[in-house]
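A look at the structure
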Amino acid sequence: MTLMNFIYGFLVLIGAFVFQTTLTGINRKITARIQKRRGPKFYQQFIDIFKALSKSSITHGWVYDFGAIMALGGIAATVIFIPVAGFQAFPGLDNVFVISYVLAVGMLGMAMSAAGSGNPWASIGVSRALTNMLAYDIPLMVVVFTLIFINKSGSVADLALLQQGSGVFGWNFIKLPLGGIVAVVALFGMLGKKPFDSFIAPAEIASGPMVEYGGKQLGMMFILHELMTFIEVSLILNMFFGGGETLVIYLIKYALLYTFTNIVSQVMPRFKIDQAVLFFFRVPLGMALLQGILVIFLGWGY
């Protein structure tokens, strides 16, 4: 590792935050238009974040404070391992399992901090979030193992590169349609979009894990959310939609995929947590297993 690796990683981190936060602002506008409102300006999300960071905040103990720092640090570290349009800050460390392990550090920090606040709504939200994660992770990992079996590589950059050159028909979403649908459905779960948003339901459990955050910690959680969204959308984009041959193509695909999940979410009802778990274990898991069987025994997708 050289100094240039760290400089590039820092640039990826800043670029991911600015792009995703801008996209979030644009999608707030789109959401408002769907609901026949004017909506905030697209840069309102930046104002909200920096306003929160400028305010003082209370503490609920060292577990709460340390968990918030651990969460943001873990998520920020994960972003620099994400390949963007073929560029990698740390080549060779973009393996699916490396990214999953580093990502888990941030998510555990978030759970630890929220539970450390002592608010029962936060504990219920964390419990629902972990249950939701278990539900979508199992079918998604079955599909990812299928991809690794076909391509003989767990590198996210390699999986994206192998889809390029044949246009849309080279995408894993087209070659493995059952697995592609499972991945997109899992993305809704990862992003906390309806119908899988029961862990942050504002009218039911007062936003769940976020209920006790204010001031600087709330600003940190806003930044964490934007970076986490960038990781989740980028993983699905690279593994199933061919990533991007250039940075412009990558960002356009990214924006379309994220906006699609946002628009669909606006017209969906909310699953209760038990309904979400049953759905993932019945439909996406069944599709993922069928996709795996077709690939292994019939050679579908080679």
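Above this text you will find the structure in question.
Since the model is a prediction, treat every value here as computed from it, not as a measurement. (Residues numbered from 1 in each chain as written. Predicted model: local features only at pLDDT ≥ 70, side-chain atom pairs only at ≥ 80, totals over all residues. Heavy atoms only, no water.)

1. Some thoughts on the overall build of the protein
A count of helical and extended segments in the protein gives 13 helices and zero strands. For the protein, the sequential pattern of α-helices and β-strands runs α-α-α-α-α-α-α-α-α-α-α-α-α. Here the protein has a C-alpha radius of gyration of 19 Å; the compact-globule value for 302 residues is 19 Å, and the two agree. Expressed as lengths along the three principal axes of its C-alpha atoms, the size of the protein is roughly 60 × 50 × 40 Å. For the protein, buried positions account for 49% of its 302 residues. For the protein, the proportion of contacts with a sequence separation of at least 24, taken over those separated by at least 6, is 81%. With an accessible surface of roughly 14100 Å², the protein has 73% of that area assigned to carbon and sulfur atoms. (Helix = DSSP H or I, 4+ residues; strand = E, 2+ residues; numbered from the N terminus. Rg over C-alpha atoms; globule rule 2.2 N^0.38 Å. Buried < 20%, exposed > 50% of the residue type's maximum accessible area, 1.4 Å probe, protein only. Contact = heavy atoms within 4.5 Å. Areas by Shrake-Rupley, 256 points an atom, 1.4 Å probe, with all protein chains shown as cover.)

2. A look at the side chain of serine 234
Summarising the element assignment, serine 234 is placed in helix α10 (residues 215-240). At 3.0 Å, the side chain of serine 234 and the side chain of tyrosine 250 are in polar contact. Look past the residues within four positions of serine 234 in its chain and what remains in contact with it is Ile82, Tyr250 and Tyr254. (Polar contact = N/O pair within 3.5 Å; in protein donor to acceptor, adjacent residues only side chain to side chain.)

3. Considerations on the nonpolar core
Counting residues in each nonpolar core, the largest one holds 78 residues, and the members touching the most others are Leu227, Ile236, Met239, Phe240 and Phe241. With 14 residues, the single largest contributor to this core is α10. Those residues in contact with leucine 227 that sit more than four places away from it in its chain are Leu13, Ala16, Phe17, Leu72, Ile75, Ala76 and Val79. (Core = buried A, V, L, I, M, F, W, Y, C linked by side-chain atoms within 4.5 Å.)

4. Here's the deal with unusual backbone geometry
Glycine aside, a negative phi is what most residues show, and trans is what most peptide bonds show. Residues lysine 194 and proline 195 are joined by a peptide bond in cis, for which omega reads 15°. Within the secondary structure, proline 195 sits in the loop between α8 (177-191) and α9 (202-205). The backbone of lysine 36 sits at a positive phi, close to 60°, despite the residue not being glycine. We classify lysine 36 as exposed; its relative accessible area is 79%. The backbone of lysine 152 shows a phi angle near 55°, a positive value even though the residue is not glycine. With respect to the element layout, lysine 152 can be found in the loop between α5 (120-151) and α6 (156-161).

5. Observations regarding the pattern of salt bridges
Tallied over the full model, the rule gives two salt bridges. Notably, a salt bridge pairs aspartate 48 with arginine 28, separated by 3.1 Å at the nearest N-O pair. With aspartate 48 in helix α2 (residues 44-53) and arginine 28 in helix α1 (residues 3-34), this residue pair connects regions lying 20 residues apart in the sequence. Overall, the relative accessible area of 25% leaves aspartate 48 in the partly exposed class. Arginine 270 serves as the salt-bridge partner of aspartate 197, at 2.9 Å between the closest nitrogen and oxygen. Taken together, the residues aspartate 197 in the loop between α8 and α9 and arginine 270 in the loop between α11 (247-266) and α12 (273-282) connect sequence positions 73 residues apart. Exposure remark for arginine 270: the relative accessible area of 32% places this residue in the partly exposed category. (Salt bridge = Lys/Arg side-chain N within 4 Å of Asp/Glu carboxyl O.)

6. Notes on the packing of aromatic side chains
Aromatic ring pairs are defined here through the distance separating the ring centres and the angle between the ring planes. For the structure shown, the criterion picks out 18 aromatic pairs. Each ring, one from phenylalanine 271 and one from phenylalanine 279, has its centre 5.8 Å from the other, and the planes form 50°; the classification is tilted. On the basis of relative accessibility, which here comes to 25%, the residue phenylalanine 271 falls in the partly exposed class. (Phe/Tyr/Trp six-rings, centres within 6.5 Å; stacked < 30°, edge-to-face > 60°.)

7. Thoughts on the packing of α8 against α11
Axis separation between α8 and α11 bottoms out at 11 Å; the angle between their running directions is 75°. With respect to α11, the element α8 is oriented roughly perpendicular. Seen from α8, the contacting residues are Val184, Leu187, Phe188 and Leu191; seen from α11, they are Leu257, Tyr258, Phe260, Thr261, Val264 and Ser265. Its residues assigned to classes, the contact of α8 with α11 comprises eight nonpolar, two polar and no charged. (Axes fitted to C-alpha atoms, helices over the stretch in contact; angles between N-to-C directions. Parallel < 35°, antiparallel > 145°, perpendicular 65-115°, else oblique. Nonpolar A, V, L, I, M, F, W, Y, C, P; charged D, E, K, R; others polar.)

8. As for α2
Every buried residue belonging to α2 is among Gln45, Phe46, Ile49 and Ala52, and all of these are buried. Along α2, the residues classed as buried sweep out an arc of 140° about the axis, all on the same side. (Arc of directions from axis to C-beta.)

9. Observations concerning α10
Over its 26 residues, α10 extends 38 Å from the first C-alpha to the last, a length consistent with the 38 Å expected when each residue adds 1.5 Å. Across the 26 residues that make up α10, a large majority, 22, are buried. Trailing α10 by a residue or two, glycine 242 shows a phi angle of about 75°, which is positive. (Expected span 1.5 Å × (residues − 1).)

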